[in-house]
Amino acid sequence: MEPNTEAVNVPVLIVGAGPSGATLALHLGRLGIRSLVISKHRGTANTPRAHIFNQRAMEVMRDAGLEARLANVACPAEHMQHTSWSNTLNGEEYGRMWSWGNKPSEKHRYETASPCAMSDLPQSVVEPILVEEAIKVGAEVRFYSELVSFEDAGDHVEVVVRNRVDRKEYVVRAKYLVGADGARSQVIDQLGIPIDGVQLNTAFNVHIKADLTKYLVNRPGSLNWVLNADAPDWSAVGNFRMVRPWDEFVVSMHPSSKDGHPFEPSPEQILGRLRQMIGDNDIPITILSSFRWTINDQVARTWQKGRVLCIGDAVHRHPPINGLGSNTCIADAFNLAWKLAYVLDGVAGEALLDTLSIERKPVGDAVVRRANNGMEAHRSLWALLGVTPEDRAKAVALLEAPGMEGREARKQLRQAFEATDAELQALGIQMNQIYTGSPATQVESDDQKPSLSDVDMLKEVAISTYPGFHLPHFWVAASGQSPRQSSLDVCGRGSFTILTGVGGECWLKAAREISGAVPGLRLKALTIGFRCDFMDCYNDWGRVRGTEEDGVVLVRPDHFVAWRYRTSSEDNAVDLLRKALSSVLCIPV
């Protein structure tokens, strides 16, 4: 085509301004890389959509200096204490579970895993903040602009974009194109990357305002399931998902079958169903919006081809169980941002970008499996209680029976509730993103990979400084009069970080020599220990560092361990560090 205007030249073109696209633009901007973000929508998310904001995602925001701002607009964990199942909100409750780190026996795991806390942060709240902050650091965002086509030209990507207002098309020439354009990704489709899996079913969401305080204040929770047996087939099971306590909700409605047959209830049917689920025909309800969505079990076979890379829901598509969707999207972006920046700055080789699929695809695939397994756990619970009047009457009769059959029925119901603990206290699946074996890590020949046989990878955090593991969180302080900081605070921020201790001066000298000789390399070094740059506040680093005091741990800009060496090495510290950095960056250093 003949462009209507002169081509726009930009280092990175990002298609999609959702959690993954906006986060990528933000972190690229913080590293000095301009990006152009286009979105076919008129603006940021107009419905709450994703909402559970886990600790790993908040660590990404903390690295960008946004944690405090987001915490001010999020609902804290105290409002997320429970998940409940009831006949109606005003009726019989069948059971409840502790949720999102509020279980007394699990709180310590969440508190020690991260400096950040779980929170409820609707997508409609977080997206505008991410876009605003990305623009502040140099990103350009064009809404109501759609991707028409693209071609990988070898040394750049030629992209045709259409302004949806005047329908005019223009060309963007980008060094790299990133598809962050969601579950109906046009980028993935044009690349021809196969999508493995299926679309499972449809569900219906209604965004409402209604004061439900009296029904929920005594069991505060972000998820409140309703299973009244006289429900219509198109909404056999529902869920009041808190947006703001306790007067704004997204109500999801799930059909009785998994045939995927679409349904379009009328406004009168929706309002009637809402009143039925609440159990109150007189309560005022304002319907803000309604929309149908698809429940998927799908993963992309690869995340990239040439100069085109894909992240977010474009490559992993699944139900909202476990609240892993937008959180995983944000982590995808954090993984990719520093790699793009280092390649564009000439500090890393292009092969570094090949590690996106190597590192993130196993994470995305695992998230899809877990979310769909969690969905089946819910369906098993629904089936046990019965979703028809006849089946519910039988189930309730058994549950209240005093004999052996009643005891067995109550046991099965308890077990069905407890099966959802894998969703509601799943700290491990949130935090255990492990990249061992990635080319963007370097392992010494005598370094042994830790055994994880005793770790419940779903519920517990695997803690290690072995290359490919996330740097453990621990507290440090510059002095007794200084505020404590997380290990994640003194690392990251776009830089590689060397951590050593008493006797590790050779690593500090090596870092100075290499960083001085390699323009653009962001490499900082600090010591932790007695009379060092930072004191190890509670000796947690001493327990988990995996090296001697004078050894070294090299941390990537995304908080993952790149390399470690057990002791000091006065004679060849420079060579060892240079070799490790060259391997990780896929370029001679």
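Residues numbered from 1 in each chain as written. Predicted model: local features only at pLDDT ≥ 70, side-chain atom pairs only at ≥ 80, totals over all residues. Heavy atoms only, no water.

For the protein chain, the name recorded in an unreviewed UniProt entry is FAD-binding domain-containing protein, with Elasticomyces elasticus as its organism.

Trainee: Could you give me a rundown of the packing of aromatic side chains, with the residues and numbers involved?
Mentor: Taken as a whole and assessed by the stated rule, the structure comprises 12 aromatic pairs. Taken together, a centroid distance of 5.0 Å and an interplanar angle of 45° make the contact between Trp85 and Phe417 tilted. One end of the pair, Trp85, is in strand S5 (residues 82-86); the other, Phe417, is in helix H12 (residues 404-419), and 332 residues separate them in sequence. Phe417 shares its class with Trp85; the two are buried. Ring geometry for Phe474 against Trp541: centres 4.7 Å apart, planes inclined by 20°, an arrangement best described as stacked. Of the two residues, Phe474 is situated in the loop between helix H14 (427-431) and strand S20 (475-477) and Trp541 in helix H17 (residues 540-544); the sequence distance between them amounts to 67 residues. Ring-pair connections join several aromatic residues into one group, and the members of that group are Trp338, Tyr342 and Phe496. Here Arg42 stacks its cationic end above the ring of Tyr144, 4.2 Å away from the centre of that ring. One Lys or Arg, Arg484, reaches over the ring of Trp475 and ends 3.9 Å from the middle of that ring. (Phe/Tyr/Trp six-rings, centres within 6.5 Å; stacked < 30°, edge-to-face > 60°. Helix = DSSP H or I, 4+ residues; strand = E, 2+ residues; numbered from the N terminus. Buried < 20%, exposed > 50% of the residue type's maximum accessible area, 1.4 Å probe, protein only. Lys NZ or Arg CZ within 6 Å of the ring centre and 35° of its normal.)

Trainee: Break down the pattern of salt bridges for me, citing the residues and quoting the values.
Mentor: Going through the model one piece at a time under the given rule, you end up with 34 salt bridges. For Glu93, the salt bridge is made with Arg219, and the minimal N-O distance between the two is 3.0 Å. One end of the pair, Glu93, is in strand S6 (residues 93-98); the other, Arg219, is in the loop between helix H7 (213-216) and strand S13 (223-226), with 126 residues separating them in the sequence. Judged by relative accessible area, Glu93 falls into the partly exposed class, the value being 25%. When the shortest N-O distance is used, the salt bridge between Glu350 and Arg307 registers 2.8 Å. Of this pair, Glu350 sits in the loop between helix H9 (325-344) and helix H10 (355-385) while Arg307 is found in the loop between strand S17 (304-305) and strand S18 (308-310), placing the two residues 43 residues apart along the sequence. Judged by relative accessible area, which is 46%, Glu350 ranks as partly exposed. When its relative accessible area of 10% is taken as the criterion, Arg307 is described as buried. What you see here is one network of salt bridges that share partners, running through Glu146, Arg162, Arg164, Arg167 and Glu169. (Salt bridge = Lys/Arg side-chain N within 4 Å of Asp/Glu carboxyl O.)

Trainee: Give me the lowdown on the nonpolar core, citing residues and values where you can.
Mentor: Leu24, Leu340, Phe496 and Leu577 are the most contacted members of the largest nonpolar core, which totals 97 residues. Considering each element in turn, this core owes the most residues, 10 residues, to H9. Here Leu577 is in contact with Ile498, Ala510, Ala511, Ile514, Leu523, Leu554 and Trp563, once residues within four sequence places are set aside. If you look at the next biggest cluster of nonpolar residues, it comprises 27 residues, including Ile52, Trp85, Leu385 and Leu413. (Core = buried A, V, L, I, M, F, W, Y, C linked by side-chain atoms within 4.5 Å. Contact = heavy atoms within 4.5 Å.)

Trainee: Got a sec to walk through the state of the cysteines? Specific residues and values, please.
Mentor: One pass over the full model with this rule turns up 0 disulfides. Cysteine Cys75 is unpaired, with the sulfur of Cys116 as its nearest cysteine sulfur at 17 Å. The class of Cys75 is buried, set by a relative accessible area of 4%. Here Cys586 is not disulfide-linked; the sulfur of Cys310 is the nearest cysteine sulfur, at 20 Å. (Disulfide = S-S within 2.5 Å.)

Trainee: Lay out the sheet that holds strand S4 (residues 75-76) in plain terms, naming residues and giving numbers.
Mentor: Strand order in the open sheet formed by 3 strands is S3-S7-S4, with antiparallel pairing between adjacent strands. Looking along the sheet, the strands with just one partner apiece sit at the ends: strand S3 (52-53) and S4. In this structure, S3 lies alongside strand S7 (residues 119-120), joined through 2 bridges in antiparallel fashion. Within S7, the residue paired with Phe53 across the bridge is Ser119. (Pairing = 2+ DSSP bridges.)

Trainee: Give me the pairing of strand S16 (residues 286-300): which residues, what numbers.
Mentor: If a strand is regular, its side chains alternate between the two faces of the sheet. In terms of strand pairing, strand S12 (residues 195-209) meets S16 through 14 bridges, oriented antiparallel. Looking at S16, one finds that Gln199 is bridged to Asn296. Bridge analysis of S16 against strand S19 (residues 316-317) gives 2 bridges, and the strand direction is antiparallel. If you follow Val299 over to S19, its bridge partner there is His316.

Trainee: Lay out unusual backbone geometry with the relevant residues and their values.
Mentor: Between Pro245 and the following residue, Trp246, the backbone shows a cis peptide bond with an omega angle of -15°. Considering the arrangement of structural elements, one finds Trp246 in the loop between strand S14 (237-244) and strand S15 (248-254). Positioned with a positive phi, Arg167 is a non-glycine residue whose angle comes to about 65°. Looking at the secondary structure, you find Arg167 in the loop between strand S10 (157-163) and strand S11 (169-179). Exposure remark for Arg167: the relative accessible area of 49% places this residue in the partly exposed category. Positive phi values are uncommon outside glycine, yet Arg493 reaches one of about 55°. Tracing the chain through its elements places Arg493 in the loop between helix H15 (487-490) and strand S22 (496-500).

Trainee: Summarise the sheet that holds strand S26 (residues 561-565); cite the residues concerned and give the values.
Mentor: Across the sheet, 4 strands lie side by side as S23-S22-S25-S26; this open sheet has mixed pairing. In this open sheet, the two edge strands, each paired with only one partner strand, are strand S23 (523-527) and S26. This sheet shows a mean twist of 15° between the axes of neighbouring strands, independent of strand direction. With 3 bridges connecting them, S22 and strand S25 (residues 552-555) associate as antiparallel partners. Among the inter-strand pairings, Leu499 is bridged to a residue of S25, identified as Val553. Strands in contact with helix H16 (residues 505-517) are S22, S23, S25 and S26; relative to S23, the strand with the most contacts, it is inclined by about 165°. Relative to S26, helix H18 (residues 573-585) is tilted by about 160°, and along the sheet it contacts S22, S23, S25 and S26. (Axes fitted to C-alpha atoms, helices over the stretch in contact; angles between N-to-C directions.)

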